[in-house]
Amino acid sequence: MSSPIPGALLLCIDLQDIFLKAMPDAGRLSSRCEFAIEAARLLGIPVAFTEQVPQKLGPTAPQFLKAAAGGTRRKPMQLAKNTFSALADDGIRETLLEKHKVEHLILCGIETPICVYQTALDAINSDLQVTLLTDCLGARRPDDSRDALNALIRLGVYALPSETIFYSVVGTTEHPAFKDYTKLVKKYST
């Protein structure tokens, strides 16, 4: 299935256990990110994960990789980095922009005022469209997150809840994935 948003990719930033444990509402954040990953996969939007120094801090938490694989043996794209912005890493930048021809980054993950903010900023400066899934972003301090989001919105980033974005992709009850998508919404409604 080709992506319903040409050139779009859901980039999950640093969803590693060590960072999740530092989030004030880690359970809610994990659930919303799993929803976004499953929705993207269902709707044909590619998914990739960044990992901050995984050899020291550990890989992406397994539940997210499982959600991206969706019962297949396909291994999700995991991109190691030691930069805060994913696009400041030459290998990630080349993989996403040149190899996969990404034109629109949909971002979820942690931490909003650091890695998410810097990745979004570099994406804007690379003339990419950026959408932040606001219910799928985490930060240790909510005020810092709010300030970072507001700054990015002023720069032209779209910041909306994941259901809003994915319902926009579905667009109609006639969409072939509508029934499966609504089941997914119900599964993650709590």
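Because the structure is predicted, anything quoted here is derived from the model rather than measured.

1. Section: the confidence of the model for the chain
Low pLDDT means the predicted atomic positions in that stretch should not be read closely. The predicted model of the chain averages 94 in pLDDT, with 97% of residues at 70 or higher. By mean pLDDT, helix α7 (residues 142–154) is the weakest element of the chain at 94, and strand β4 (residues 104–110) is the strongest at 98.

2. Side note on the layout of surface pockets
The volume enclosed by the largest pocket comes to roughly 260 Å³. Forming the boundary of the largest pocket are 15 residues, of which R41, P46, V47, A68 and R74 lie nearest the centre. For the lining of the largest pocket, the elements supplying multiple residues, two or more each, are α2 (26–42) and α4 (62–69). Of the residues that constitute the lining of the largest pocket, the class distribution is 9 nonpolar, 3 polar and 3 charged. By volume, the second largest pocket is sized at about 150 Å³. Lining the second largest pocket are 13 residues, with R28, L137, G138, A139 and S145 sitting closest to its centre. Secondary structure elements with two or more residues in the lining of the second largest pocket: α2, β5 (129–138) and α7. Of the residues contributing to the lining of the second largest pocket, the split by class is 7 nonpolar, 4 polar and 2 charged.

3. What about the pairing of strand β1 (residues 8–13)?
Counting buried residues in β1 gives 6 out of 6 residues, a clear majority hidden from the surface. In the sheet, β1 pairs with strand β2 (residues 47–52) via 4 bridges, with the strands oriented parallel. Bridging across to β2, C12 finds its partner in F49.

Parameters at a glance
- Residues numbered from 1 in each chain as written.
- Predicted model: local features only at pLDDT ≥ 70, side-chain atom pairs only at ≥ 80, totals over all residues.
- Heavy atoms only, no water.
- pLDDT = per-residue confidence, 0-100.
- Helix = DSSP H or I, 4+ residues; strand = E, 2+ residues; numbered from the N terminus.
- 1 Å grid on protein atoms, 1.4 Å probe; cavity = no way out; pocket = protein on both sides within 12 Å on 5 of 7 lines; lining within 4 Å.
- Points joined across faces, edges and corners; volume = space filled by probe spheres on them.
- Nonpolar A, V, L, I, M, F, W, Y, C, P; charged D, E, K, R; others polar.
- Buried < 20%, exposed > 50% of the residue type's maximum accessible area, 1.4 Å probe, protein only.
- Pairing = 2+ DSSP bridges.

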